[in-house]
Amino acid sequence: MQTAYRTHTCGQLRREHVGQTVTLAGWVHRRREHGGLIFVDVRDRHGLTQVVCDQAAAPEAYARAAEIGSEWVVQVEGAVAARFEGNPDLATGEIEVRAAVVRVVNASKVPPFEVARDLNLDEAQRLRYRYLDLRRERMARNMDLRHRVTAFVRQALNEHGFIEIETPILTRSTPEGARDFLVPSRLNPGTFYALPQSPQQMKQLLMVAGMDRYYQVARCFRDEDLRADRQFEFTQVDIEMSFVDEDDVMALNEQMFIDLCRAVVPDRPIRQVPFPRMTYAEAMRRYGNDKPDLRFGMTMEDLGDLFATSDFAVFRSTVDSGGAIKAICVPRLFSRKEVGELEEIVKAFGAGGLAWVAFENGETRGSVAKWVADVEPALRERLGAADGHTVFIVAAARKVAEDSLGRLRLHLGEALGLIDPHELAFLWLIAPPLFEWNDDEQRWDSVHHPFTAPHPDDVSLLAGDPGAVRAMAYDAVLNGVEVAGGSIRIHDSAVQQHVFALLGIDEAQARTEFGHLLDAFQYGAPPHGGIAWGFDRTVMILAGESSIREVIAFPKTVAGTDPLTGAPAPVPSANLDLLGLKVAPRT
RNA sequence: GGGGGCGUGGUGUAGAGGCCUAACACAUCGGCCUGUCAAGCCGAAGAUCGCGGGUUCGAAUCCCGUCGCUCCCGCCA
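Owing to the predicted nature of the structure, the values given are computational and were not obtained by experimental measurement. Each chain has its residues counted from 1, following the order in which its sequence is written. Whichever chain is written first becomes A and whichever ligand is written first becomes 1, with later ones labelled in order. pLDDT decides what is reported in this predicted model: residues at 70 or higher carry local features, side-chain atom pairs at 80 or more are listed and counted, and totals for whole chains, interfaces and linings draw on all residues regardless. Side-chain metrics in this entry use all non-hydrogen atoms of the structure; hydrogen atoms and water are not considered.

Caption draft 1: Looking closely at the overall build of chain A. What chain A contains, in helices and strands, is 17 helices and 22 strands. With the principal axes as the frame, chain A shows a C-alpha extent of 95 × 75 × 55 Å. Each residue gets one of three labels from its accessible area relative to the maximum for its type: buried under 20%, exposed over 50%, partly exposed in between, using a 1.4 Å probe on protein chains only. Taking all 587 residues of chain A together, the buried fraction comes to 49%. Across chain A, the fraction of contacts at a sequence separation of at least 24, relative to all contacts at a separation of at least 6, is 67%. Seen as two clouds, the 64 positive and the 83 negative side-chain charges of chain A have centres 6 Å apart. Only DSSP runs of H or I reaching four residues or more are called helices, and only runs of E reaching two or more are called strands; each is numbered from the N terminus. What makes two residues a contact is simply this: any of their non-hydrogen atoms within 4.5 Å. We score Asp and Glu as negative and Lys and Arg as positive, and we do not count His or the chain ends. By convention, charge coordinates are those of NZ in Lys, CZ in Arg, CG in Asp, or CD in Glu.

Caption draft 2: Highlighting the nonpolar core. For our purposes a nonpolar core is just a set of buried Ala, Val, Leu, Ile, Met, Phe, Trp, Tyr and Cys residues, chained together by side-chain atoms within 4.5 Å. Judged by nonpolar contacts, the single largest core of 69 residues is most densely connected at V149, L157, I239, L424, W533 and L542. In terms of residues, this core owes the most to one element, helix 6 (residues 246-264), which gives nine residues. Beyond its immediate sequence surroundings of up to four residues, V149 is in contact with L260, V264, F535, V539 and L542.

Caption draft 3: Expanded view of the protein's contact with RNA strand B. Here a residue is considered near a molecule or strand provided that any single heavy atom belonging to it is located within 4 Å of it. In the neighbourhood of RNA strand B, 51 residues make up the surrounding shell, with E33, E96, G177, S446 and H448 lying closest. Close to the protein, within 4 Å, the atoms of RNA strand B belong to sugar or phosphate groups at a rate of 51%. In the model, a phosphate oxygen of RNA strand B is placed 2.6 Å from a nitrogen or oxygen of the R222 side chain. One of the side-chain N or O atoms of D225 is found 2.7 Å from a base nitrogen in RNA strand B. The set of elements that each furnish at least two residues to the surface near RNA strand B consists of strand 1 (21-33), strand 2 (37-44), strand 3 (47-54), strand 5 (95-106) and helix 2 (123-128). What qualifies as a polar contact is a pair of N or O atoms within 3.5 Å, subject to a donor-acceptor requirement within protein and to the restriction that residues adjacent in sequence count only when both atoms come from side chains.

Caption draft 4: The arrangement of the environment of I548 in detail. Among the secondary structure elements, I548 is positioned in the loop between helix 16 (535-543) and helix 17 (573-579). By relative accessible area, I548 is classed as buried at 2%. For the pair I548 and A425, spaced 123 residues apart in sequence, the C-alpha separation works out to 19 Å. If we ignore the near neighbours within four places in the chain, the residues touching I548 are A228, D229, R230, Q231, D536, R537 and M540.

Caption draft 5: Broad picture of the packing of aromatic side chains. Any two rings among Phe, Tyr and Trp, with Trp reduced to its six-membered ring, count as a pair given centres within 6.5 Å; such a pair is stacked if its planes are under 30 degrees apart, edge-to-face if over 60, and tilted if neither. Evaluated as defined, the whole model comprises 16 aromatic pairs. Measuring from ring centre to ring centre gives 4.7 Å for F307 and F315, while their planes differ by 75 degrees; the resulting arrangement is edge-to-face. Residue F307 is classed as buried on the basis of its relative accessible area of 1%. Aromatic side chains F500 and F514 sit 4.6 Å apart centroid to centroid with 20 degrees between the ring planes, which places their arrangement in the stacked category. Of the two residues, F500 sits in helix 14 (residues 493-502) while F514 sits in helix 15 (residues 507-520), which places them 14 residues apart along the sequence. Residue F500 is classed as buried on the basis of its relative accessible area, which comes to 1%.

Caption draft 6: Representation of the sheet that holds strand 21 (residues 481-488). Within the open sheet, the eight strands sit side by side as 6-9-10-22-21-20-17-11. Their pairing is mixed. Among the strands making up the open sheet, the edge pair consists of strand 6 (163-164) and strand 11 (277-279). Looking at chain direction, strand 17 (residues 426-430) and strand 20 (residues 473-478) are connected through five bridges and run antiparallel. By the bridge assignment, L429 is partnered in strand 20 with D475. All axes are obtained by fitting lines to C-alpha atoms, using only the stretch in contact for helices, and the reported angles, taken between N-to-C directions, cover 0 to 180 degrees. Of the strands in this sheet, strand 9 (213-221), strand 10 (233-242) and strand 22 (528-534) touch helix 5 (residues 200-208), which is tilted by about 20 degrees from strand 10. If DSSP finds at least two bridges between two strands, the strands pair.

Caption draft 7: Focus on helix 5. With seven of its nine residues buried, helix 5 lies for the most part within the structure. Those residues of helix 5 that fall on the buried side of the exposure criterion are Q200, Q201, K203, Q204, L206, M207 and V208. Turning to helix 5, the residues buried within the fold contact strand 9, strand 10, helix 15 and strand 22. Looking one or two places after helix 5, you find G210, whose phi comes out positive at around 85 degrees.

Caption draft 8: Geometry of the domain arrangement of chain A. Domain borders in the structure are assigned automatically or taken from a domain database. For chain A, the assigned domains are domain 1 (15-106), domain 2 (141-275 + 427-551) and domain 3 (296-419). Computed from C-alpha coordinates alone, the two centres of domain 1 and domain 2 are separated by 50 Å.

Caption draft 9: Structural context of the packing of helix 4 (residues 137-159) against helix 6. Across the interface, helix 4 lies against helix 6 with an axial gap of 10 Å and an inter-helix angle of 140 degrees. By the angle between their directions, the pair helix 4 and helix 6 is classed as oblique. Relative to helix 6, helix 4 is oriented so that their crossing is right-handed. Residue-level inspection shows L145, R148, V149, F152, V153, A156 and L157 of helix 4 in contact with helix 6, the latter providing L252, M256, D259, L260, A263 and V264. Following the grouping adopted for this structure description, the nonpolar residues are Ala, Val, Leu, Ile, Met, Phe, Trp, Tyr, Cys and Pro, the charged ones are Asp, Glu, Lys and Arg, and the polar ones are all others, Gly among them. A breakdown of the residues in the contact of helix 4 with helix 6 according to their chemical character gives 11 nonpolar, no polar and two charged. In this scheme, roughly parallel covers angles under 35 degrees and roughly antiparallel covers those over 145, while 65 to 115 is roughly perpendicular and the rest are oblique. Should the near helix be turned counterclockwise from the far one by less than a right angle, the crossing is left-handed, whereas a clockwise turn marks it as right-handed.

Caption draft 10: Region of the structure containing the pattern of salt bridges. Put simply, a salt bridge is a Lys or Arg side-chain nitrogen that is within 4 Å of an Asp or Glu carboxyl oxygen. On inspection of all chains with the given rule, the structure shows 48 salt bridges. With a shortest N-O distance of 2.9 Å, E71 and R135 are connected by a salt bridge. Placement of the pair is E71 in the loop between helix 1 (59-67) and strand 4 (73-82) and R135 in the loop between helix 3 (130-133) and helix 4, with a sequence separation of 64 residues. Residue R135 is classed as partly exposed on the basis of its relative accessible area, which comes to 25%. The residue E423 makes a salt bridge to R271 at a minimum N-O spacing of 3.0 Å. In this pair, E423 is assigned in the loop between helix 12 (398-415) and strand 17 and R271 in the loop between helix 6 and strand 11, connecting sequence segments 152 residues apart.

Caption draft 11: Representation of the sheet that holds strand 2 in the model. A barrel is described by the order of its strands in space; here five strands give the closed sequence 1-2-3-5-4, paired in mixed fashion. If you compare each strand with its neighbour and ignore which way they point, the axes differ by 55 degrees on average. Judged from the seven bridges that link them, strand 1 and strand 4 form a sheet pairing that is antiparallel. Across the sheet, the residue bridging to A25 is Q75, located in strand 4. Docked against the sheet, helix 1 engages strand 1, strand 2, strand 3 and strand 5, running at close to 65 degrees with respect to strand 5.

Caption draft 12: Molecular detail of unusual backbone geometry. V273 connects to P274 through a cis peptide bond whose omega is -5 degrees. Here P274 is to be found in the loop between helix 6 and strand 11. In this structure, P568 follows A567 across a cis peptide bond, with omega equal to -5 degrees. Within the fold, P568 resides in the loop between helix 16 and helix 17.

Following this line, the structure appears as structure tokens:
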């Protein structure tokens, strides 16, 4: 790290350097003035070193140190000395640098917030001065972690015989999936490029091209509303392999996840290895969610059979009309007020209400205590309900019951502190449905994407019962977050056309929009499949953050703006003329 | 498109109809101080409480609108 300005970084010096003369360069983190003695903590990305300026020993250095303020850039020359009393909180805490020369390299205005302090700052403020925000220890650590994860993944894939290939950023818009970001073409006015939502088609073409094992750390773009875990532009580790089945892809990625975690967050335990595999159907049934958080229990049970002949009209009629009665058991008792608050959660997701039974001091009470009396032993056994526990029940259409109770489960897991934030709970979610019915459009939609292969056992169902067809797809879920998703692809143009037809894409449209892919499949397409990591989310979890903005250097606000650059911004009308564009007045 | 939360000196917060001539901490500026490390002590400056309207004798506080940030639903193959 030695350069014209420094011999060491600010995180480098240790006891063994004592006696050496060194030069450091960095930012003034903090200054402590004691009369004839000034301590300056000099910081760079690598750490913090205490510099001592003694008026008696080095009057010039002392005079400079007396002038400088926070975040000034300084250069310090001096001897490394052992400290009288070390600072165990600091990597360089055993030493200090006795300044012989202090130079002001560049002064700084008083910063708009304290870089040296870890505060919960207003995000607009942080983004406006992102270059200062990134100086803070937390962000420097996150950027470093992100880099190490990228480097690890590249190295691991390289060692497994993959090659990294870049694919175009200016591509063709297709009707499937998210809203595209469009780029007008100057040379072909009135036509548009689209930014890639993922390199999906290109990587499949690369398989036809014989590239065998491809990966790319790929920027992807989707013009949808932003969230804590969603940005317009995000990064995928995009992987595609030829001559593989689902197990090949999952095994490779599982080992990478494990090795990665052990390398970059060695002190965080992985809950279960090998990763458990759970079908989509089971995840919905037990967790009400296609990305279950396995760090805590409280799984759902189905009580439909217990109430099929019940006198309780609400439950009975739910069962009769094909709905579900789902329950979770919570190892706690709640006040009526608390139950009311929890009920609001399930109502927000469509449930009519939240029924509950509490077992307290040998008594059974709660909104439906009277009605569960007949079936109480069976109910308690199924849910493992003991004294001091509360059972929450939602009776509704199956999807509503699972969804709302699943949300309640997550809420309680967090609110009751049942989650160890340190733990890493991976699982593979497998065999999701290939299609889901789109009621608005009166057609089937791909659950994953339209190139996902149907399970071989279900191909015969494509014609008669598309909703029952399982996909050869798999998602990696970590702590309730989808961190990767992939599938085995269709490599047969006939099956592909059949799927397009079900999606409401007629032959002419398929030719226009996917002709290149269908053509390619007629020139010897190898069986292939792959996966894409949601890279930002993965790093977010490893960093212990709850927003991907914390692991992206220059993110957008949830309104899609960048307070630093002022993007998006109007452009001169001459630029629009060149593109043949005209801005319509707002309606 | 919809729902919730927040917006008070540079920063983070307190104040929730009259105790507000707006409090505290950090930062800033001046002074003291030779072993601190979130240094300490003394002092100073700094806010028409996001913006606009309304209610009221009286609004940081209540109401409406608007802007910004944020969380969630929809959306995200």
